[in-house]
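# Observations on the model geometry
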Amino acid sequence: MSTRQLLEIAFSSGRAGSGPATWGQQAIWDAVRRLPPADAPRYNITTAAPLDPGLPLPVVLGALEQLLHLHDSLHTRLLPDGDGRLRQVVDPEGVLSVELADAAGADEPGELGARLHEELAARAFDTGGQWPIRVGVVTLDGLVRHISLVLSHTAVDGSGMSRLVADLTALSLGASPEELAKLREPGRQPLAEAEFQTSERGIRRDTGARKQIVRKLRIGPPRLFPPATPDPASPTPATAFPNAVLRSPALPRAVERVAGAHRVSTSSVLLAAAAAMTARLAGTTEAVLNVVVNNRFLPELTNAVSVVAGDGLFHLPDVGAEFGEVVRRTHAAAIGTYRHAYYDKLALAAELAESTAAGVELADRSCVFNDTRELLPATPDPGGDPGDDPDGDRTTLSWPVEFEPRPGLTYALDALQSPEALSLAMTADPSVLPRPAMERFLYGMEELILTEASATAGTVTAAPTATGEATDA
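Summarised in this report is the structure supplied together with it. None of the values given here were measured: they were computed from a predicted structure. (Residues numbered from 1 in each chain as written. Predicted model: local features only at pLDDT ≥ 70, side-chain atom pairs only at ≥ 80, totals over all residues. Heavy atoms only, no water.)

### Some words on the overall build of the protein chain
A tally of helices and strands in the protein chain yields twelve helices and 15 strands. For 473 residues, the compact-globule formula gives about 23 Å, and the C-alpha radius of gyration of the protein chain, at 22 Å, lands near that figure. Dimensions of the protein chain, computed from the C-alpha atoms along their principal axes, are close to 60 × 60 × 50 Å. The proportion of buried residues among the 473 residues of the protein chain is 54%. The average position of the 41 basic charges and that of the 60 acidic charges among the side chains of the protein chain differ by 7 Å. (Helix = DSSP H or I, 4+ residues; strand = E, 2+ residues; numbered from the N terminus. Rg over C-alpha atoms; globule rule 2.2 N^0.38 Å. Buried < 20%, exposed > 50% of the residue type's maximum accessible area, 1.4 Å probe, protein only. Lys, Arg positive; Asp, Glu negative; His and termini not counted. Charge placed at Lys NZ, Arg CZ, Asp CG, Glu CD.)

### Focus: the pattern of salt bridges
Counting across every chain of the model gives 20 salt bridges. Here Arg 184 and Asp 167 are joined by a salt bridge, their closest N and O atoms 3.1 Å apart. You can see Arg 184 sitting in the loop between helix 5 (177-183) and helix 6 (190-197) and its partner Asp 167 sitting in helix 4 (residues 158-172), a full 17 residues away along the chain. Asp 167 shares its class with Arg 184; the two are buried. Here Lys 345 and Asp 311 are joined by a salt bridge, their closest N and O atoms 2.5 Å apart. Of this pair, Lys 345 sits in helix 11 (residues 345-357) while Asp 311 sits in strand 11 (residues 310-316), placing them 34 residues apart in sequence. Several salt bridges share partner residues, and in doing so they unite Arg 4, Glu 99, Glu 119 and Arg 123 into one network. (Salt bridge = Lys/Arg side-chain N within 4 Å of Asp/Glu carboxyl O.)

### Considerations on the packing of aromatic side chains
One pass over the structure, following the stated rule, counts three aromatic pairs. Considering the side-chain rings of Phe 11 and Trp 131, the 5.8 Å spacing of their centres and the 85° angle between planes classify their relative orientation as edge-to-face. Separated by 120 residues along the polypeptide, Phe 11 in strand 1 (residues 3-11) and Trp 131 in the loop between helix 3 (109-121) and strand 7 (133-140) bring together distant segments of the chain. Exposure remark for Phe 11: the relative accessible area of 3% places this residue in the buried category. Taking relative accessible area as the criterion, Trp 131 reaches 11% and is therefore assigned buried. (Phe/Tyr/Trp six-rings, centres within 6.5 Å; stacked < 30°, edge-to-face > 60°.)

### Comments concerning helix 7 (residues 200-219)
Under the 1.5 Å per step criterion, the end-to-end length of helix 7 is 29 Å for 20 residues, consistent within 8% with the ideal 28 Å. For helix 7, every residue scored as buried is listed here: Gly 202, Asp 206, Ala 209, Arg 210, Ile 213, Val 214, Lys 216 and Leu 217. Projected down its long axis, helix 7 carries its buried residues within an arc of 160°, all on one side. Away from the buried face of helix 7 by more than 90 degrees, exposed residues Glu 200, Arg 204, Lys 211 and Ile 219 are located. Here the buried face of helix 7 lies against helix 1 (23-33), helix 6, strand 11, helix 10 (323-339) and helix 11. (Expected span 1.5 Å × (residues − 1). Arc of directions from axis to C-beta. Contact = heavy atoms within 4.5 Å.)

### Considerations on the nonpolar core
One finds Leu 289, Tyr 411, Leu 413, Leu 424 and Ile 449 to be the most contacted residues of the largest nonpolar core, which totals 54 residues. If you tally residues by element for this core, the top one is helix 9 (residues 266-282), at eleven residues. The residues touching Ile 449, leaving out its near neighbours within four places in the chain, are Leu 251, Ala 254, Val 255, Val 258, Val 269, Leu 270, Ala 273 and Phe 323. Leu 7, Ile 45, Leu 57 and Leu 61 belong to the second largest nonpolar core, which has 33 residues in total. (Core = buried A, V, L, I, M, F, W, Y, C linked by side-chain atoms within 4.5 Å.)

### Digging into the sheet that holds strand 12 (residues 367-371)
Taking strand neighbours across the sheet as the criterion, the seven strands line up as 11-10-12-14-15-9-13 in an open arrangement whose pairing is mixed. Both outer strands of the open sheet, strand 11 and strand 13 (396-403), are each paired with one neighbouring strand and no more. Pairs of neighbouring strands in the sheet enclose a mean axial angle of 25°, with direction left out of account. In this structure, strand 9 (residues 241-248) lies alongside strand 13, joined through six bridges in antiparallel fashion. Looking across to strand 13, one finds that Leu 246 is bridged to Leu 397. Set on the sheet, helix 9 makes contact with strand 10 (287-293), strand 11, strand 12, strand 14 (411-417) and strand 15 (422-428); between it and strand 10 the angle comes to about 150°. (Pairing = 2+ DSSP bridges. Axes fitted to C-alpha atoms, helices over the stretch in contact; angles between N-to-C directions.)

### As for the sheet that holds strand 6 (residues 94-102)
Spatial ordering of the open sheet is given by 1-6-7-8-3, a layout of five strands whose pairing is mixed. Two strands lie at the open edges of the sheet, namely strand 1 and strand 3 (45-56), each paired on one side alone. Adjacent strand axes in the sheet meet at a mean angle of 20°, parallel and antiparallel pairs treated alike. Where strand 1 lies against strand 6, nine bridges are found, and the strand directions are antiparallel. Directly across from Gln 5, in strand 6, lies its bridge partner Leu 100. Strands in contact with helix 2 (residues 57-70) are strand 1, strand 3, strand 6, strand 7 and strand 8 (143-151); relative to strand 1, the strand with the most contacts, it is inclined by about 40°. Against the sheet, helix 4 touches strand 3 and strand 8, its axis set at about 150° to strand 8.

### A closer look at the packing of helix 2 against helix 4
Two measures define how a pair of helices packs: the angle their axes make with one another and the distance between the axes. Where helix 2 meets helix 4, the closest approach of the two axes is 9 Å, and the angle between their N-to-C directions is 130°. Comparing the axis directions of helix 2 and helix 4 gives the class oblique. In this structure, the crossing between helix 2 and helix 4 has a hand that is right-handed. Between helix 2 and helix 4, the residues in contact are Val 59, Ala 63, Leu 64, Gln 66, Leu 67 and Leu 70 and Leu 164, Asp 167, Leu 168, Leu 171 and Ser 172, respectively. (Parallel < 35°, antiparallel > 145°, perpendicular 65-115°, else oblique. Left-handed = near helix turned anticlockwise from the far one by under 90°.)

### Some points on unusual backbone geometry
Backbone phi values are negative for most residues with the exception of glycine, while trans is the configuration of most peptide bonds. Here Asp 52 and Pro 53 are connected by a cis peptide whose omega angle stands at 15°. Note on placement: Pro 53 falls in strand 3. Even without being a glycine, Asp 141 presents a positive backbone phi close to 55°. One can find Asp 141 in the loop between strand 7 and strand 8. Asp 141 sits in the exposed class, given a relative accessible area of 73%. Positive phi, normally seen in glycine, also occurs at Asp 318, with a value near 50°. For Asp 318, the position within the fold is in the loop between strand 11 and helix 10. Judged by relative accessible area, Asp 318 falls into the partly exposed class, the value being 44%.

The following block contains the structure:
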């Protein structure tokens, strides 16, 4: 029988201040606010991991306190200012709560840690009244054997979480905060980022990015998919958005091979396959996708532990061409998408609302692509248990969860990496893409990439690193 208790880490003498919210903080706060309350925790950014052979509890608690001093986003609250905008408040002191479960007795630390992580991740954050971080630890014989981090997406994006985990690991192993602060340069704190965004340079970047997005929206197709009849064989109500996960052990090597053969990034290969299948199932010759971009290619944001990822608009005509050509053109078009993914999303929404009211027809923006492979997976294998497959090398398709309806979404596609496979997770509106169409989409992406990998065998060169590789939002 395990025991539970709540520990408190006192934090003081931290940086303090207040100012406008950043574009990323505002965008995520707006997105979460529109979700049904039960669905809001889906936006939490989480990770959990076993610690073997374990670390003394005081060492881990001390590292967490030092982590708060390194990254202002962990002790920042967001408060509405009355006109739809937010202000960020960085607290110089406070208390971080840590939920501790002791595995003495019948509980196995990993199993207990998984249950604790699931519990912490299932709760939404009050970003105005509490800090956006939640920590859980499992101990055995005085050593921390499992740790769970759950953060509000208003505090970090996927790349920010990866950097946060790296910093916590280094601090736990004896690195000093001063050493890590130097390694993290450049890496603006959120208040400094907001100051840049309101500067002349920041305004120019915002204006230029929104101009390019509006230009693409004016030339793209106003609708990609015609409405479809819900699948009569589906036992789920038409209002539920199913989630399909295709787990492919063959895809990681195939993606690398195609990327090397065409001298493009691996993310471009996946994006090309998604664009091709979008056009194929929609019966069109072009694809428009909202691509989540991490924006870490911008020098000042390279090491930011905050939410700086943004949406870039990707438009590719003539998607029905030979797939190798589609891959190369995708890479070229994606670079422009990445360059214009850092902007004020609230200002863009107002601009587009004015255009729509004036009768301007804009492109379909309901399809979302997100390459999250650089993240630490919250589970060993997001596509399922490889133990279910005796050979461990077969592609599988599962339907792990359903979501509340997401207004304005046709589909959201995430690329997920695990040690065993690459998984494609798709959530879709069943009135537009019924389950059989989702299956065709995911298996079609795999077939395109595997076929191209086979055709290009022997022509592999080193694949370049993409500028602004897509990441979690």
